[in-house]
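# Coordinate analysis (summary)
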Amino acid sequence: MKCCVLGLGYIGLPTAALLAARGHDVLGVDVDPQRLDLMVQGVLRESGLMELIEVGVLSGRLRTGTTVHEADTFVICVPTPHVAGRQDLTLADVLAAIESIAPHLRKGNLVVLESTVPPGTTDDVIRPCLDRLSGLSCGSDYFLAYCPERVLPGNLVHELAHNARIVGGVDDESGRRAAALFRTIVSGEVLVTGSRTAEMSKLMENTYAAVNIALANELAWLAEYAGIDVREAIALANRHPRVNLMNPGPGVGGHCIPVDPWFLVDGTPASACLISQALRTNDGMPGRVASAIGDALARIGKPISGARVVLMGVAYKGGVDDVRESPALGVATWLWESGADVIFQDPIATGFPHPVEPDLLAAVSGADALAVIADHPQYLGLELLLPRLRRLMRPNPLFVDTRGVVKSAEGFLFWRLGCGFAKDGNVVLNRPAQPVVSEELRKTS
Ligand code: SAJ
């Protein structure tokens, strides 16, 4: 089958390569020729991706370009950045893609939208737009479906090929044709539904994660006040057969979980209070971590102003080089406001807007505090390296762990998110316990 994939980013490029590897004749299109070169040369570091691209290019089945050509199937993978209350801006790239497809659309063609969109977009916005621009009729002349991606950055190629896929047709025939396409490239189940349900399911998946992480973040503060290690408590609670709590962290980054739930909140804000609050809780985490760093420094007699703080891991999570919505930047912004000197350290991150030191030993030289923000695999065994790092730092140093990477930090004042303070292995200086029952409730009970 001849496929044209529009948007060669994090999803479009691997999708184009997988289609080609499964025997389709693929043209990958991106409006930015520079980006096209970078992507194909391997700027996207995902295990197995370069091999997949090579197979496609060498076989002649994967070609790239900046303009759309005729095809049997068009797959749209362009970005949909959330811009509050401005659907026109959110959908600008999708609508531009539709405009570029319309002159090439022929009877029998299939159009698949993969970009994350508010519920109803495929049927209410894309379908009438494509009908008008092409002069064809959806459901009889051509077919249209919404098929969200659900891959995990860091394990993208494997998940693209093996995860179950939701296929949402705007009508039965569209669903059937899109399902047939995905059955040629994925080994996971292909679940067919309507386009609105598919759009909603995609948003629900990432909203579930956002709310679950917000709960873990809130539990982290409660555990600290109670003098409990939240990660141990979560691990135990998760042994319940129907509990699946996620982990607290210094903030929620990436291009999906902090963004996608807004597509639901925006439509009906008054009915989405829980989701809005969860997003606010997660967005507040970098500030809370920064203030914990300031508080901890004060306890060892070091004013935050002028303190040298090393933030380890500027990627949005461990094991990826992606820095989009990086919690480290949020933590740094708060620290800068208090006059701290921030050093960024990361072994793999690319595209961070400030200088980043890849070498940990060089980064910690003369520092007052060291804070783990992303749990890169390169930090495994960090505990053993800490004595060496301490000798390079100023006297009386602080170690902050927001990801549960180390168990102890001898010779440091040690603060763990969701646990509290420890010095030389002993829990000390816990925050003042908050009343479990508020004064008001106490009076009424
Ligand atoms: N995070 C936590 N605690 C956790 C898990 C994650 O604080 O327990 C943080 C991470 O550190 C990171 C952010 O959340 O900053 C997101 O990381 P992630 O690994 O949970 O998710 P992404 O953004 O890399 O990929 C997500 C995945 N969705 C879910 O886990 C529900 C992926 O499956 C989706 O396909 C992808 O978004 C997407 O494209 O929508």
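Quick summary incoming for the structure in this document. In every chain, residue numbers begin from 1 and rise along the written sequence. Since the coordinates come from a predicted model, pLDDT governs what is reported: local features require at least 70, and pairs of side-chain atoms require 80 or more to be given and counted, while whole-chain, interface and lining totals use all residues. Note that water and hydrogens are dropped before the side-chain values are worked out from all heavy atoms of the structure.

Phi at E325 takes a positive value of approximately 55 degrees, unusual for a residue other than glycine. Topologically, E325 is positioned in the loop between β9 (308-312) and α14 (327-337). Non-glycine residue N396 carries a positive phi angle of around 60 degrees. Every helix listed is a DSSP run of H or I at least four residues long, and every strand listed is a run of E at least two residues long, numbered separately from the N terminus.

Working definition: residue near molecule or strand if any one of its non-hydrogen atoms lies within 4 Å of it. Of all residues adjacent to the ligand, which total 20 residues, the nearest are K202, N206, N247, C256 and Y316. Nitrogen and oxygen atoms within 3.5 Å of one another constitute a polar contact, given that in protein one can donate a hydrogen and the other can accept it, and given that sequence-neighbouring residues count only through two side-chain atoms. One nitrogen or oxygen atom from the main chain of R150 is found 3.4 Å from an oxygen atom belonging to the ligand. One of the side-chain nitrogen or oxygen atoms of Y316 is found 2.5 Å away from an oxygen atom of the ligand. Working definition of accessibility: Shrake-Rupley area with a 1.4 Å probe, residue cover restricted to the visible protein chains. Here the ligand, which alone exposes 750 Å², has 86% of that area covered by the protein. Shared between two domains, the shell around the ligand holds at least three residues of each, these being domain 1 (2-197) and domain 2 (284-427). Residue ranges for the domains trace back to a domain assignment, done automatically or taken from a database.

Okay, helix α6 (residues 121-134) next. For a helix, the expected span equals 1.5 Å multiplied by the residue count minus one. With 14 residues, α6 extends 18 Å between its outermost C-alpha atoms, agreeing within 8% with the 20 Å of an ideal straight helix rising 1.5 Å per residue. Each residue is placed in one exposure class: buried if its accessible area under a 1.4 Å probe, protein chains only, is under 20% of its type's maximum, exposed if it is over 50%, and partly exposed if it falls in between. Along α6, the positions that sit buried rather than exposed are T121, T122, I126, C129, L130 and S134. A contact between two residues is defined here by any heavy atoms of the two lying within 4.5 Å. Turning to α6, the residues buried within the fold contact α4 (87-90), α5 (92-101), β5 (110-113), β6 (143-146) and α9 (195-226). Positive phi appears at G135, one or two residues downstream of α6, with a value of about 75 degrees.

As a further point, take the side chain of D260. Relative to the helices and strands, D260 is located in the loop between α10 (230-237) and α11 (261-267). By the counting scheme adopted, Arg and Lys are positive, Glu and Asp are negative, and His together with the chain ends is not counted. When a carboxyl oxygen of Asp or Glu lies within 4 Å of a side-chain nitrogen of Lys or Arg, that pair is called a salt bridge. Of the side chains with opposite charge, K202 lies nearest to the buried D260, which makes no salt bridge, at 4.4 Å.

It is worth spelling out the pattern of salt bridges at this point. Side-chain pairing between opposite charges can occur once the charged atoms of the two side chains come close. Using the criterion set out here, one finds 16 salt bridges in the structure. Among the ionic pairs, E149 bridges to K202, the shortest N-O distance being 3.5 Å. Note that E149 is positioned in the loop between β6 and α7 (156-162) and K202 in helix α9, a separation of 53 residues in sequence. The shortest N-O distance in the salt bridge between R299 and D295 comes to 3.6 Å. Note that R299 and D295 are positioned in helix α13 (residues 285-299) at a spacing of 4 residues, about one turn of the helix. Under the relative-accessibility criterion, R299 is labelled partly exposed at 32%. Connected via shared salt-bridge partners are D123, D124, R127 and R196.

Okay, the environment of A367 next. Locating A367 in the fold gives a position in the loop between α15 (360-364) and β12 (369-372). Along the sequence, A367 and R394 sit 27 residues apart, while their C-alpha atoms lie 5.8 Å from each other. With residues near it in sequence (within four places) discarded, A367 still touches R308, V310, M393 and R394.

Turning our eyes to something else, we now look at the side chain of K202. With relative accessibility at 3%, the residue K202 sits in the buried group. When neighbours within four sequence positions are excluded, K202 is seen to be in contact with T116, Y146, P148, E149, R150 and D260.

Moving on, we get to the state of the cysteines. Any pair of cysteine sulfurs within 2.5 Å is marked as a disulfide. Considering all chains together, one arrives at 0 disulfides under this definition. The cysteine C3 is free of any disulfide, with C4 supplying the nearest cysteine sulfur at 8.9 Å.

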